[in-house]
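# Survey of secondary and tertiary structure
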Amino acid sequence: MSHTATDTDPTQPPPGDDHAFFGQPRGLMTLSGLEVWERFSFLGMQAILVLFFADTVADGGLGMDPGTAASVSAAYGTLVYLVSVAGGWLADRILGSYRAVLYGGVLIACGHYAMAVPTATMTWVGLGLISAGTGLLKPNVASMVGKLYGTEDSRRDAGFALYYMGINIGAFAGPLVTGWLGEHASWHWGFSAAAFGMTLGLIQYVAGRRHLAGRKHAAEYALAPGPMRRAVLTIAAGAVVAGLVATALALAGWLTMDRFVDVLTLVSVVAPVAYFAVMFRSPRVTPEERGRLRPYVVLFLASVVFNFILFQAYSTMILLASTNARTEIFGFHFPASWYASALGAFEVALAPVVAAVWARMGPRQPHASNKIAIGVVLGGLSFLLMVLPTSGHADGTYAMAAWWIVGSYLLLGLGDVLLETSGMSATTKLAPKAFASQTMALWFLSLALANGIQAQIVKLYGQVSNPAYFGVNGAIAVAAGLAVIAAAPWLRRTMHPVH
C-alpha cells in the first residue's frame, strides 16, 4: 500500500490520491512532470554542449578538439553527480527533500539563464550552478518517488517505469528544441530554451506539492539547532575557500582544464569507496541493512559500466553523427544533435511497455538483478553494433546511414529502461533508513564514476580507429552484464526484500 493521508497528517497526500494516476499515486504525476522539464533542460543542453565545445570560436563555439570536447563534457557530468552526495545529505539533515528539490531547481534555472549569455565566463558560471542544482534535485526527487510506496507495494517497479517515462519525454523533446535553435540560431539560444523549460518545471512542482508524500518543512533526520548552524557555516565557508583556491590556482596556471578533469575523475573514484565505507561502519545501520548493502555494490558497479556507455550517447556518438552520419531521413534534413532525441523517443515508447509487462507478470517477473544485467548487455551491444558501419573505410570521409545510430540508440534505450528503473527502485528498498536520500545519492555516484571514467577514455576517441574504440568498450560491457547474470543466485538470496 502506498502512503496515504490521515486527517491529522497534512504532510501526506489526500486519501483519494492512492490510485489517481494510471493506478499509481497522484504524487507520481507531480514528480514525473518536474522530471520532464528538468530533463528537457539538462539533456537538451547536453545534446548541444559537446558540439558547442568543439565548434570554432568564429561560429560561436569554444574551439576545442573533439576528444577534449568529449572529455570536458564528461567531466561536467562527473561534477553534476558528485554534488548529488551533498544534495542527499542536505535533504536528510537540513533542508528536507521538498525544499532541496525546490532550491535545486532554482539553481538549475539560473545556470541555464547564465549560459544564455554569450561569453565563455558565463558558460562556466552556468555549468557550476547547474551542477549544484542538479546535485540537490536528482537524488531527492527519486527518493520522494520511493516514499509514495510501501516496501512491499507491487506497483513500485511499474511506478518507477512510469516516472522514468516522464524523464524520457523531456529527454526526447529537449534536444529537438535546443538542437534546432543551437544549429540554426546560436548555441546560446539553445541554452535559453533549456532555461525556459526548467522554469516551467518549477511552476508545476510547486503547484502540485500537496500530492507529495512526507512533504515536511524540516529534514527527516535533522541536525540539532547548534550542529545545524555550524554545518551551514562550514559549508558556506568551504565553498568560498574552494572557489578562492581554484581561482588562484587557475590564475597561476596550475589548474588547467586537463588537470581539473583528472581531479574530478580521481574524486569520482574515491567518493563512492569512502561513502560505502561510512555506511558499512555506521552504528545507525542495522546488521540486516548492512547485509543488503553488499549486493548493492554489485548493482552499483553494473550501473557504472552501463552508464559509461549511455553517457557517450551525448558525447562520442553525437560527434560521430556530426561527422560520419547522414542527417536526413526520407529527404528531411535535421541537426546532428537530434540523434539524441531518438534515445529519449525509444525510452518514452518502451517505458510503458516494460511497466505493463512487469505489472502483468507480478511476482513472476525477473529478479531486479537480472533486469539490470540484461540492461548492461544491451548497452554493450549498442556499441558493438557501431563496429559494422565504421569498419572498412580508408579515411574519415564516409557517411553511414542514419539507421545505424538509430538502431544503436534503440538497444541503448531498452537497456536504460531496464537498468535505471530497476536500479532506482531497488535502491529505495535496499537503502538503510538513516541514509535514505544519501543512498539514492550513492546510486547517482555510480553515474559520476561512469562519467569520470568516460572523461579519460574518450580522449582516445579520434586517436584510435572507430571500430576498435566502439568494439572494445562494447565487449567489456557485455562481459560485465554476463558476470552479473552469473551472480544472480547469490544476489537473489542477499537482496531480500527486493524481488
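Summarised in this report is the structure supplied together with it. None of these values were measured; they are calculated from a predicted model.

Below, the discussion takes up the overall build of the protein. In terms of regular secondary structure, the protein is built from 17 helices and 2 strands. In terms of overall dimensions, the protein has C-alpha extents of about 70 × 55 × 40 Å along its principal axes. Residue pairs in contact within the protein that sit at least 24 positions apart in sequence constitute 82% of those at least 6 positions apart. Carbon and sulfur atoms provide 70% of the accessible area of the protein, an area that totals close to 19500 Å².

Moving on: the layout of surface pockets. Taken as a whole, the largest pocket holds about 940 Å³ of empty space. When grouped by side-chain class, the residues that make up the lining of the largest pocket number 21 nonpolar, 4 polar and no charged.

The first and last C-alpha atoms of helix 7 (residues 225-251) sit 39 Å apart over 27 residues, in line with the 39 Å expected at 1.5 Å per residue. Residue Gly-253 follows helix 7 closely and has a positive phi angle near 90°.

Attention shifts here to helix 1 (residues 27-54). With 28 residues, helix 1 extends 41 Å between its outermost C-alpha atoms, agreeing within 8% with the 40 Å of an ideal straight helix rising 1.5 Å per residue. At Ile-48, helix 1 is bent by approximately 35°, the largest bend along its length. Within helix 1, 25 of the 28 residues are buried, leaving the element largely enclosed by the surrounding structure.

Here we come to the packing of aromatic side chains. The tally for this structure, following the rule as stated, stands at 18 aromatic pairs. Between Trp-180 and Trp-338, the ring centres sit 5.9 Å apart and the planes meet at 40°, which makes this aromatic pair tilted. Placement of Trp-180 in helix 5 (residues 156-184) and of Trp-338 in the loop between strand 2 (332-333) and helix 11 (339-361) is noted, with a sequence separation of 158 residues between them. Classification of Trp-180 as partly exposed rests on a relative accessible area of 39%. A ring pair is formed by Phe-383 and Phe-470, whose centres lie 4.9 Å apart and whose planes are at 75°; its orientation type is edge-to-face. Here Phe-383, found in helix 12 (residues 368-385), pairs with Phe-470, found in helix 16 (residues 466-486); they are 87 residues apart in sequence, far enough to count as distant.

This part takes up the nonpolar core. Formed by 124 residues in total, the largest nonpolar core has its most connected members in Met-45, Tyr-163, Tyr-339, Ile-405 and Tyr-409. Per-element tally for this core: the top contributor is helix 1, with 13 residues. With 7 residues, the next largest nonpolar core counts Leu-90, Ile-94, Leu-95 and Ala-231 among its residues.

Per the counting criterion, the structure on display carries 2 cavities of 30 Å³ or more. A volume near 280 Å³ is recorded for the largest cavity. Of all elements in the fold, only helix 1, helix 5, helix 9 (287-310), helix 11, helix 14 (402-430) and helix 15 (436-457) reach the threshold of two or more residues within the lining of the largest cavity. Residue classes in the lining of the largest cavity are distributed as 13 nonpolar, 4 polar and 5 charged.

With respect to the helices and strands, Ser-71 occurs in helix 2 (residues 66-95). Between the C-alpha atoms of Ser-71 and Pro-287, which are 216 residues apart in sequence, the distance is 41 Å.

Our focus in this paragraph is a nonpolar patch on the surface. Together, Val-241, Val-245, Leu-249 and Trp-254 give the surface a local cluster of nonpolar side chains, amounting to about 340 Å² of exposed area. With respect to the helices, strands and loops of the structure, Val-245 is situated in helix 7. Since its relative accessible area comes to 43%, Val-245 is described here as partly exposed.

Cut-offs used in this document
- Residues numbered from 1 in each chain as written.
- Predicted model: local features only at pLDDT ≥ 70, side-chain atom pairs only at ≥ 80, totals over all residues.
- Heavy atoms only, no water.
- Helix = DSSP H or I, 4+ residues; strand = E, 2+ residues; numbered from the N terminus.
- Contact = heavy atoms within 4.5 Å.
- Areas by Shrake-Rupley, 256 points an atom, 1.4 Å probe, with all protein chains shown as cover.
- 1 Å grid on protein atoms, 1.4 Å probe; cavity = no way out; pocket = protein on both sides within 12 Å on 5 of 7 lines; lining within 4 Å.
- Points joined across faces, edges and corners; volume = space filled by probe spheres on them.
- Nonpolar A, V, L, I, M, F, W, Y, C, P; charged D, E, K, R; others polar.
- Expected span 1.5 Å × (residues − 1).
- Bend = angle between axes of the 7 residues up to and from the residue.
- Buried < 20%, exposed > 50% of the residue type's maximum accessible area, 1.4 Å probe, protein only.
- Phe/Tyr/Trp six-rings, centres within 6.5 Å; stacked < 30°, edge-to-face > 60°.
- Core = buried A, V, L, I, M, F, W, Y, C linked by side-chain atoms within 4.5 Å.
- Patch = residues over 30% accessible without salt bridge, like charges linked within 9 Å, V, L, I, M, F, W, Y side chains within 5 Å.
- Salt bridge = Lys/Arg side-chain N within 4 Å of Asp/Glu carboxyl O.

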